[in-house]
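# Observations on chain architecture
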Number of protein chains: 2
Amino acid sequence: MVEREETMMRPGAFVIGVDLGATTVKAGVVDGTGAILAQASADAAASKGPDAVVRQITGVINELLTKHPIADCLGIGIGSPGVVSSEDGVVRHPPNFTDWGEYDLAAAIRSSVSLTVVIANDANAAAMAEAHYGAGKDFKDFLFVIWGTGVGGGIILDRKIYAGPYGGAGEIGHVTIDYRGRLCGCGNRGCIESYIGQRYLSDRTREILETRPRGGAPSKIIELVGGDLRKIEPVIIARAAQQGDTLAREIFAEAGDLLGVALASVMNVIDVRVAVIGGGISAAPDFVLNAVEASVKARILTPHKAGVRIVRASLGNTAGIIGAAALIL
Amino acid sequence: MVEREETMMRPGAFVIGVDLGATTVKAGVVDGTGAILAQASADAAASKGPDAVVRQITGVINELLTKHPIADCLGIGIGSPGVVSSEDGVVRHPPNFTDWGEYDLAAAIRSSVSLTVVIANDANAAAMAEAHYGAGKDFKDFLFVIWGTGVGGGIILDRKIYAGPYGGAGEIGHVTIDYRGRLCGCGNRGCIESYIGQRYLSDRTREILETRPRGGAPSKIIELVGGDLRKIEPVIIARAAQQGDTLAREIFAEAGDLLGVALASVMNVIDVRVAVIGGGISAAPDFVLNAVEASVKARILTPHKAGVRIVRASLGNTAGIIGAAALIL
């Protein structure tokens with residue numbers, strides 16, 4: 001067991017953590033224990049180019065600084081989509097951000113707010129939050145998996161982010177599980193993301209409900225969406241699974257099994273044995289995470305089996321803000 | 001470009017590098033430039049338990065020390081199969097070694113030869129050799145792949161071995177490329193090793209030759225084995241490929257493509273962009289490595305594409321000895 005760490009900070013001191021997403025920019029005042037004291041958010045303006053995004057970010061920062069004195073602010077941490085070079089603050093190709101390319105986001109923020117600015121990839125920042133203040137704090141090394149619309153992640157080694165030589169490490173969603181498999185949005189075939197991302201789970205469930213032979217008890221999913229299959233989402237499938245619906249349980253159990261395939265591959269190569277699962281689907285019932293763990297244990301090399309654990313993330317939506325702050329803390 | 005490094009050593013000083021295999025133990029006197037000055041070898045006695053293996057190892061070491069004064073020997077580096085904990089010298093579960101389990105190999109050698117002893121996994125040791133004296137010396141970070149009977153490997157980060165928190169990292173052969181695929185010797189399904197390991201390539205070629213319809217020009221492979229299909233080995237397939245044989249080229253190109261699937265998965269996760277390919281099949285014609293590179297480039301995430309390179313290892317069979325010595329150098 002690793003002790004929860006508290007950074008030595010003077011009383012009243014804080015950090016601003018910024019979680020930049022393709023739709024919203026969220027920011028929070030975070031103290032030395034990782035607690036969020038205040039939050040602000042704004043539209044990210046991702047379609048309007050980097051300058052507009054910078055204005056939105058500095059807007060929420062300044063909003064927070066009206067009530068929390070800048071003299072107590074130790075700096076600004078930002079979690080951003082895309083490949084991020086923490087050394088120079090450059091953000092490359094964030095998906096769903098228009099006219100971006102390569103852009104020195106750290107320098108742009110620094111020029112309007114005179115504070116230390118540190119940037120990391122958003123998934124890596126969330127991984128740091130879980131590592132220091134969440135479900136990962138008992139583990140020195142773990143894979144952090146964000147299982148939501150897509151599948152992303154980060155690698156924590158010795159309680160620090162492993163971003164790789166080029167800053168792009170942790171793309172767990174693009175581990176191939178079938179080289180002749182489904183076409184993924186990235187252009188490759190058989191990436192785990194294309195099997196278990198939220199949209200895929202919903203589409204698959206809809207497909208099965210539309211094509212399975214009538215007769216027998218109808219799935220609870222149909223009841224939960226009032227017969228409108230377009231309303232199927234993972235949260236509905238999860239609710240049906242919790243109520244014992246067979247189809248819903250099958251869909252999730254298979255997804256868990258497939259995630260285990262990808263994780264076992266990664267764990268065989270980097271010999272990390274714990275995965276912390278966050279993202280929207282991490283709210284799914286226990287049996288889903290149990291299916292992931294069973295799959296990893298069944299597939300990983302025998303000498304790597306000891307210590308394999310699949311753990312639910314604990315910080316939820318706030319991991320992005322807390323992790324961004326942790327870049328400074 | 002990274003300069004070739006030469007360790008500062010007093011004139012005449014050397015290290016003994018030991019390459020422990022399941023059949024043979026090979027050792028060499030290695031100088032500060034990574035050159036092998038003398039070699040000795042013996043049967044590994046792997047079926048007779050750890051004590052017998054230790055006697056074989058100390059035997060070859062002592063043979064080398066009869067002609068090279070122990071006073072000039074800076075230490076002994078050992079590359080061993082299995083999961084190796086470099087910190088305490090314990091070797092766990094080396095495949096094909098009888099009655100082994102966990103055994104403190106470093107302590108056992110040290111007790112009979114009064115010298116510094118450092119142990120690493122054999123694939124990791126070979127990776128170190130390529131990193132410092134071979135094809136990897138121009139790259140700070142790379143994956144080392146040993147493509148032979150099986151598929152093994154090592155990860156070099158910042159010119160050092162990344163062995164992982166438990167010492168078992170680098171098992172590139174057990175990355176799944178098809179979760180419903182071939183049963184691998186490790187018990188999992190679809191590991192890349194079970195598609196491209198030497199035995200598989202030979203079996204597959206034999207199968208195709210036995211079942212393909214007669215007619216057309218016969219494969220050169222049949223000619224090269226004098227009609228005895230049991231004699232098919234990768235070196236024969238390679239020779240036929242070099243002579244333009246279509247089937248031989250297809251078998252290798254497909255194997256290269258599949259290795260690229262596994263490497264792209266790993267490179268997406270750890271963001272290392274160079275692979276150095278060693279092992280028996282690394283002697284295959286250029287088009288095989290070109291097929292690996294084309295496959296990786298087609299499959300890897302777009303932001304990771306820049307700098308992708310697949311390079312042939314340069315030290316051949318001596319990588320094990322040189323890399324073991326490099327543990328001390």
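What comes next concerns the included structure. Being a predicted model, the structure only gives us computed values, none of them experimental. (Residues numbered from 1 in each chain as written. Chains lettered and ligands numbered in written order. Predicted model: local features only at pLDDT ≥ 70, side-chain atom pairs only at ≥ 80, totals over all residues. Heavy atoms only, no water.)

Below, the discussion takes up the nonpolar core. One finds Leu263(A) and Leu263(B) to be the most contacted residues of the largest nonpolar core, which totals 109 residues. Looking at which element gives the most residues to this core, the answer is helix α8 (residues 246-270) of chain B, with 15 residues. Leaving out residues up to four positions away in the same chain, Leu263(A) has contacts with Leu143(A), Val145(A), Ile172(A), Ala275(A), Ile277(A), Val292(A), Val296(A) and Ile310(A). (Core = buried A, V, L, I, M, F, W, Y, C linked by side-chain atoms within 4.5 Å. Buried < 20%, exposed > 50% of the residue type's maximum accessible area, 1.4 Å probe, protein only. Helix = DSSP H or I, 4+ residues; strand = E, 2+ residues; numbered from the N terminus. Contact = heavy atoms within 4.5 Å.)

The next subject is unusual backbone geometry. The phi torsion of most residues other than glycine is negative, and most of the peptide bonds are trans. The phi angle at Asp158(A) is positive, at roughly 55°, despite the residue not being glycine. With respect to the element layout, Asp158(A) can be found in the loop between β10 (151-157) and β11 (160-162). Judged by relative accessible area, which is 41%, Asp158(A) ranks as partly exposed. Positive phi outside glycine occurs at Asp271(B), with the angle close to 55°.

Okay, the interface of chain B and chain A next. On the chain A side, the residues contacting the 40 residues of chain B number 40 residues. Together, the buried faces of chain B and chain A total about 3500 Å²; carbon and sulfur atoms form 59% of this surface. Broken down residue by residue, the surface that chain B buries against chain A is led by Tyr179(B), Val269(B) and Arg299(B), which jointly contribute 20%. Across the chain B-chain A interface, the total number found is two salt bridges. At the boundary of chain B and chain A, one finds 20 residue pairs in polar contact (both at pLDDT 80 or more). (Buried area = accessible area lost by both parts, 1.4 Å probe. Salt bridge = Lys/Arg side-chain N within 4 Å of Asp/Glu carboxyl O. Polar contact = N/O pair within 3.5 Å; in protein donor to acceptor, adjacent residues only side chain to side chain.)

Residues and elements named next belong to chain B. With 14 residues, helix α9 (residues 286-299) extends 20 Å between its outermost C-alpha atoms, agreeing within 8% with the 20 Å of an ideal straight helix rising 1.5 Å per residue. All buried positions along α9 are accounted for by Phe-287, Val-288, Leu-289, Ala-291, Val-292, Glu-293, Ser-295, Val-296 and Arg-299. Tucked inside the fold, the buried residues of α9 contact β9 (142-147), α7 (234-242), α8, β12 (274-278) and β13 (309-312). (Expected span 1.5 Å × (residues − 1).)

Take the packing of aromatic side chains next. Inspection of the entire model under this criterion finds eight aromatic pairs over all chains. With centroids separated by 6.2 Å and ring planes inclined at 65°, the aromatic side chains of Tyr195(A) and Tyr200(A) adopt a geometry described as edge-to-face. One exposure class covers both Tyr195(A) and Tyr200(A), and it is buried. Between Trp100(B) and Tyr103(B), the aromatic rings sit 5.3 Å apart at their centres with planes inclined by 65°, giving edge-to-face as the arrangement. Per residue, the accessibility class of Trp100(B) equals that of Tyr103(B), and both read buried. (Phe/Tyr/Trp six-rings, centres within 6.5 Å; stacked < 30°, edge-to-face > 60°.)

The next subject is the sheet that holds β12(B). All names here are of chain B. Taken together, five strands build an open sheet; the order of strands is β11-β10-β9-β12-β13 and the sheet is mixed. A single partner strand is all that each edge strand has here, and the edge strands are β11 (160-162) and β13. In this sheet, neighbouring strand axes are inclined to one another by 30° on average, regardless of whether the strands run parallel or antiparallel. As paired strands, strand β10 (residues 151-157) and β11 are joined by three bridges and run antiparallel to one another. Looking at β11, one finds that Leu-157 is bridged to Lys-160. Sheet strands in contact with α8 are β9, β10, β12 and β13, and its direction is about 150° off that of β9. (Pairing = 2+ DSSP bridges. Axes fitted to C-alpha atoms, helices over the stretch in contact; angles between N-to-C directions.)

A separate point is the sheet that holds strand β6 (residues 90-92) of chain B. Where strands meet in a sheet, backbone hydrogen bonds hold them as pairs that are either parallel or antiparallel. Residue and element names in this part refer to chain B. If you trace the three strands from one edge of the open sheet to the other, you get β5-β6-β7, paired in antiparallel fashion. Because the sheet does not close on itself, it has two edges, and the strands there are β5 (83-85) and β7 (102-104). Pairwise comparison of adjacent strand axes, ignoring direction, gives a mean angle of 20° for this sheet. Pairing analysis gives three bridges linking β5 to β6, with the strands arranged antiparallel.

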